[in-house]
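Okay, here's what each chain looks like letter by letter:
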Amino acid sequence: MKIHTYLWFVICLLSIQSSYSQVIENIKRDSLQLDTSIHYNVLDNGFSYYLKPLNNVDSGLKLRFIVKVGWKDEKPDETNFAHAIEHLAFRATENFDEGIKSNYKLLKSIEIDANAIGANTNTIWTSYNFDTQADQKEAITTAFLWFKDIADGLMISKRTVEQERGVLIQEYRGGDGNRTNYMNEKSLSHQLFPCHPNLKNFLKHMNQFSSDDLKQFYHEWYRPDQMSIIITGNFEDIDQIEREIISVFSPLKNPDNRLNSHNCDSEYYANSSKFVAVETSFKDSISKVLGNPITMNFFYQNPLSTVELNPQEKFFNAIKDDLFARLLRDRLKNNSRTNNKYSAHFNLSRKVDRNAGLFRLSINSEYDHFQNALKETFSLVNQLHLHGVVKEELELIKKEMLDQLPNGLKDSKDYWLEQIQKYALKDEILPPKKIELTRRYIKDLSAKELNNRIRQTLSLGPKDIALVLPADYNMEIFNEKNLRNIINNSSDKNIGKYKMEAENLSLMSSDEINSFISKGYTKLNSNAEKVIRYRLNNGLKLTFMPSPTEKENGKIFFHGFSKKGAEYFKEQHYYSAVYAPFLIRESGIGSLNNVNLARFFESTESMYLGISPYINLKNSGIKGKVSKAEFEKLLQLIYLFFNKPNQAIIGFDNWKRNQLKYLNRSKNGINDLLDAMANLTEDYSALPYGVEKINTMHKVNPDQSFHIYKEIFGNAEDFEFIFTGDFEIESILPLLDKYLGNLSNLQQSGSAKNTCPTFIPELPEAPLFERIDLPDSYSTENVYYNLKYIRQKDQNNNWKEKLRIQILGKIINRILNDLRTKNKLSLYFYGVAGGYNELMDRYEINLRLVCEPKELDFILQRVKEIISDIKKGNISSDIFELIKNQFREKYSSNILNHPKSELENLFLKNLNDQQIIIAEEVQKFINSLCIEDLTKTANQYLEEESKYELLMAQK
C-alpha cells in the first residue's frame, strides 16, 4: 500500500471539523417510504448513503458499498463485465498495491479478518462488503478508502485483466458436473427474458475480451449517481462517519454520458408470449435410470403488473403474491409426495428485476409420464382458479408467513441491511414499524381479496412455456398447441372445492401417551462443573448442563448417543448400517408413513427441518435443537424412532430414487474427488458425496438395515442423552422418565453380542499416488487434485495438538491464496484445512484444488516449495498473527460457552474421554504460540511417509 497516501488520508479525515452539519435533517422524507431512524442523504453528485444505528447489538459495523450495475446493464459483447470488475477490486488498486485482502500487516493493525471483506454481483447491482468487529475509526477509514478506490481507482490494464481472466473462467466452470442443467436453464432464460445473457459462446468471449472494453464499461457505470453506502450496527460517533462519507465521496465526478439502463420488467411485459424448447442429451447413468427426465416451465403474469401503483399498494400486492405462491406450492407438494414419477413446484419467479407478479410453475417428470403430470398439476391449478383458497388453508399459510417475520423490530444488522437494500434498489417501502404493518396486513387480508389476486393471475393461463427435452423428443407431442390443449382439457369446470385432508399429525394418541408410567431414576455423581447426571431404570443415562443464553432463549440442545456404530457389524454390512436411518425416515415411524412424518415436521416451529437418527462408523444417535414448547413432541418422536420404526423395505425404492434425483441436481467434481480420496485412504468418516453413492446404494440390504437399526436403537441401556441450553432440570426430568424411561432393551443375539468392533479400516502405506478418470457425467477440461497428509493419533491426542494442526492448515491455505493472487493462475476453487478426524482417529491436513491442465505442474511445484518453506520456518509473521486472530475469535468465550459448543464438548468428553475445552485456556495457548511451534508441527506431520495424492482428470 502507498503508506504516505494512506497516512495523509487518515490524518485529514480525523481532523475534519464539525462544519459539516447534519444535512440529513434538511431532507424531506416520506415517513411511509423510509424509516426516520435511518440517516439518509444524497450528495450533490448523486452519491447516497444510509446509516442505521443499532444499540442492542454486539460492537461492530456492517458496511456495504453498492453500485447499481449488474448483468442487466451488459451489452452482448460485455457479458460478465460487471462481475469481472468486482474481481478486480481485490487486485491492486490505487491505494492498496497488494490488494486489500493480501495486505496482512494492514488487516492485523485494524483487527479485520480477510473473510470479513467480500463482494457479489447479481442482475441489478454489485455489492462490496466490509465488516468490522468494532466501531474502529481506522477500520472504517480503510473501508472508505477501498470503496473510493473501487469508485475511481481500479487498475484495469492488460496485465490485471490477464491475471484475472482465467479465474473468472474457472468460477464459471465450477459447476462442470452439472454443466448441462446449468446451460439449459441459462439458454431458456436468455430466450425468454430481457437482460439475461446468451452464454453459448461465453468461454470464447471470456478468453478474448479486451481490457480497453472492460475499462470503458467501468468508466461508464461506476459513477457516483449509481453508488450508495449502507452501514448498520453500533455506532460510536455517527456524525463523524457522516462527515467522512461526505469528505471522501463528494469529489467524485459523473461522466458526461447518459446511462441507458434497462427496465427489464417493462421490456418483458411488453413482449408477446413465447414457446421455447431446449434439447439436451442424457449421457450419464443417473439420467437414464431416472427415465430421461423432462422439465416443463410455465410462467404466469398478473395482468395488473404493468399498472402504475403507489409504493404501498405494490408492497401489499407483493404480500398477496407471496401468500399465493406458498398456497399453490403446498397443494402441489402434497400431491407430488404420493407420486415419485414427477414433481411440481410453484414460486415467485426471480427472472425479472422486481419479481412483479411473475410466477413460475415447474414440472419435472419422467418422459413417459409427462401427460399425467400435466393433467394432475393443471387440475389443481384450475381448482384454485375456480374456487379459490379454503379458509382453513389460508389461516395456515398466514401463520407460516407470520411466524417467519422477526418478532418486533429486532436490532439485527443483517435485517436492516436487507431492508435498506430493498428500499434503495427495489423501490420497496421501509416505513417505521414495517414489521408491524406487514403483520397487520397479513392478519386482516381476507380470502376474497387474495382470491381476486389469484384469479387475475391464473385467468389467462401461462404467458410463456419453456421446456427442457431429450434430443429425440416427439415434436408432434411437445409443441405449444398440444401442450396448451392438454392444459385446457385439464380445466374441469365441474371440479369440486379443494378439501384439506383431515390429517392427524399427532405422533401418539392420548391413550398411548397416558399408558406410559414413571419408571424412576437415580442421581449419579458428576466429575465436571455445572454438570448433573442421572440414570433411568432402563439403564439410559442423562447428562444435563443448563446454559441459557439470550440468543438461544427457550431452546434446548440435545444429543443422544450410543458407542456402538457400524464397525460392530461385518464389513459387507457397513452401508446397510449407515444408510439404515435414512431408510427408516423414508418408511415412517409408528402410525406415520413418510409423507405424514414430513408433514409433522413442517407443522412444528423448531423441528421443521427434520430430526432423525444417525449411524456412523464409531457411534449412533440422534441430535438437534428444539424449543421448550415442543420438547414433549421431541421425546415422543425419539420414542417412536427407537421403539417403533417401520420396516426399512417399505421406503427402500423411494429412498434410492430420491438419492438419484439429488445426485442428478448436485453433481460436482469436488464431491467425486472427496469420495475418491476417501476410498484411497480407507476413510469411513462420511458418506459418499458424488456418484460413488450409486455404488454404495447397491450394497444396501433393507432387511439387514432394519435388523442392524433395531439392534442399535432397541437397547436403551447403551445410550446417553446430553442436554444443554435453556431449561430447568426439574421441569424436563419427569418427561424424560416418562418417554425415554420406557424405551426398550431388546434381547440381543448374534452379532449384537459383540462388545468389540469387527470391522477396522486400515490406512494404506504411504507415500501413495493415484490417477483416476472423471465420471462419465462430466465434460470439462479441468483437472482435480487432492493432497492429504495423514498421521494416526498418538499420545499427543489433545485439544492443543488439534489446534496446532488447524492453525497449520489455515496458514497453508493463506499462502496458497497468495500464490493465486501474485501469479497469473486460474485458481478459483481451492482450499486447505487441517484437523482431527474423530471417526478415523487420525490427524489430517487436506489440500484440494481445481485448475487447468497446463497449470498443474507449476502449481504442484509451488505447493511443494510452500510446504518446504513452512518446514524451514519461513512463515510470514503477519500471516501467522492474522491466523491466530481468527482462532482467537473462533474459540472465544462467546463461541465456546454457546449451548451448541458445550453440547459437543460434553459429547466428546463422554464418548472418548476427551478434555473439556475452556475458553480462557485456549486463549492463553493461542497467545503463547510462536512460529517455531508451527514449524515443529509442520515437520512432524508434513512428511513424505504421510502423503497421499489423487489426480482426477478426463480419460
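Predicted model, so just to flag it, every value in this text is computed and none were measured.

**Concerning the sheet that holds strand S7 (residues 275–280)**
- Reading across from one edge, S7-S11-S8-S10-S9 is the order of the five strands in this open sheet, with mixed pairing throughout. One side of each edge strand has no neighbouring strand; the edge strands of this open sheet are S7 and strand S9 (342–348). Neighbour-to-neighbour, the strand axes of this sheet turn through a mean angle of 10 degrees, independent of strand direction.
- Where strand S8 (residues 294–301) and strand S11 (residues 464–470) come together, five bridges link them in antiparallel fashion. The residue of S11 that forms the bridge with Met-296 is Leu-467.

**Here we look at the domain arrangement of the chain**
- One can read the domain layout of the chain as domain 1 (39–250), domain 2 (270–490), domain 3 (510–741) and domain 4 (768–953).
- Centre-to-centre, using C-alpha coordinates, domain 1 lies 31 Å away from domain 2.
- Note on domain 1 versus domain 2: buried area summed over both sides is about 2,800 Å², and carbon and sulfur give 68% of it.
- When residues of domain 1 are sorted by the area they lose upon contact with domain 2, Leu-188, Leu-192 and Phe-193 head the list and together hold 23% of the total.
- Our count for the domain 1 to domain 2 interface comes out at two salt bridges.
- In this structure, the salt-bridge partner of Lys-62 is Asp-414, at a minimum N-O distance of 3.6 Å.
- Taken together, domain 1 and domain 2 are joined by three residue pairs in polar contact (both at pLDDT 80 or more).
- It is helix H6 (residues 179–192) that provides the largest number of residues to the side of domain 1 that touches domain 2, a total of eight residues.
- Considered class by class, the residues forming the side of domain 1 that touches domain 2 number 11 nonpolar, 14 polar and seven charged.

**A short note on unusual backbone geometry**
- A cis amide bond links Ala-766 to the next residue, Pro-767, at an omega of 5 degrees.
- Positive phi outside glycine occurs at Asn-80, with the angle close to 75 degrees.
- Mapped onto the elements, Asn-80 comes out in the loop between strand S3 (60–67) and helix H2 (81–88).
- Located in the positive-phi region is Asp-913, a residue other than glycine, with phi close to 60 degrees.
- Its place among the elements puts Asp-913 in the loop between helix H33 (899–912) and helix H34 (919–928).

**Concerning the nonpolar core**
- By size, the foremost hydrophobic cluster in this structure holds 112 residues, and its most contacted members are Trp-146 and Phe-147.
- By residue number, the principal contributor to this core is helix H29 (residues 799–822), which donates 10 residues.
- Lining this core are residues from two domains, each supplying at least three of them: domain 1 (39–250) and domain 4 (768–953).
- Beyond its immediate sequence surroundings of up to four residues, Trp-146 is in contact with Ala-89, Phe-90, Phe-96, Ile-100, Ile-117, Gly-118, Tyr-128, Asn-129 and Phe-130.
- Judged by nonpolar contacts, the second largest core, of 70 residues, contains Ile-556, Phe-569, Tyr-574 and Phe-713.

**Description of the pattern of salt bridges**
- On inspection of all chains with the given rule, the structure shows 46 salt bridges.
- Here Lys-434 and Glu-428 are joined by a salt bridge, their closest N and O atoms 2.5 Å apart.
- Given a relative accessible area of 5%, Lys-434 falls into the buried group.
- The shortest N-O distance in the salt bridge between Lys-618 and Glu-567 comes to 3.4 Å. With a gap of 51 residues between them, Lys-618 in the loop between strand S16 (614–615) and strand S17 (620–627) and Glu-567 in the loop between strand S15 (555–562) and helix H20 (574–578) connect regions that are remote in the sequence.

**Regarding helix H22 (residues 594–602)**
- Among the residues of H22, those classed as buried are Val-595, Asn-596, Leu-597, Arg-599, Phe-600 and Phe-601.
- Looking at the packing, one finds that the buried side of H22 touches helix H12 (311–336), helix H21 (580–587) and helix H23 (631–643).
- Residue Asn-593 occupies the N-cap position of H22, its side-chain oxygen lying 3.1 Å from the main-chain nitrogen of Val-595.

**Description of the confidence of the model for the chain**
- Counting all residues, the mean pLDDT for the chain is 88, and 92% of those residues have values of 70 or more.
- Within the chain, the element-level pLDDT minimum falls on helix H1 (residues 3–14), averaging 39, and the maximum on S16, averaging 98.
- Note that residues 1–32 has pLDDT below 50 and, in this model, 58 contacts with residues that lie over four places away or in other chains.

Each value, and the rule that gives it
- Residues numbered from 1 in each chain as written.
- Predicted model: local features only at pLDDT ≥ 70, side-chain atom pairs only at ≥ 80, totals over all residues.
- Heavy atoms only, no water.
- Pairing = 2+ DSSP bridges.
- Helix = DSSP H or I, 4+ residues; strand = E, 2+ residues; numbered from the N terminus.
- Axes fitted to C-alpha atoms, helices over the stretch in contact; angles between N-to-C directions.
- Domains from an automatic or database assignment.
- Buried area = accessible area lost by both parts, 1.4 Å probe.
- Salt bridge = Lys/Arg side-chain N within 4 Å of Asp/Glu carboxyl O.
- Polar contact = N/O pair within 3.5 Å; in protein donor to acceptor, adjacent residues only side chain to side chain.
- Nonpolar A, V, L, I, M, F, W, Y, C, P; charged D, E, K, R; others polar.
- Core = buried A, V, L, I, M, F, W, Y, C linked by side-chain atoms within 4.5 Å.
- Buried < 20%, exposed > 50% of the residue type's maximum accessible area, 1.4 Å probe, protein only.
- Contact = heavy atoms within 4.5 Å.
- pLDDT = per-residue confidence, 0-100.

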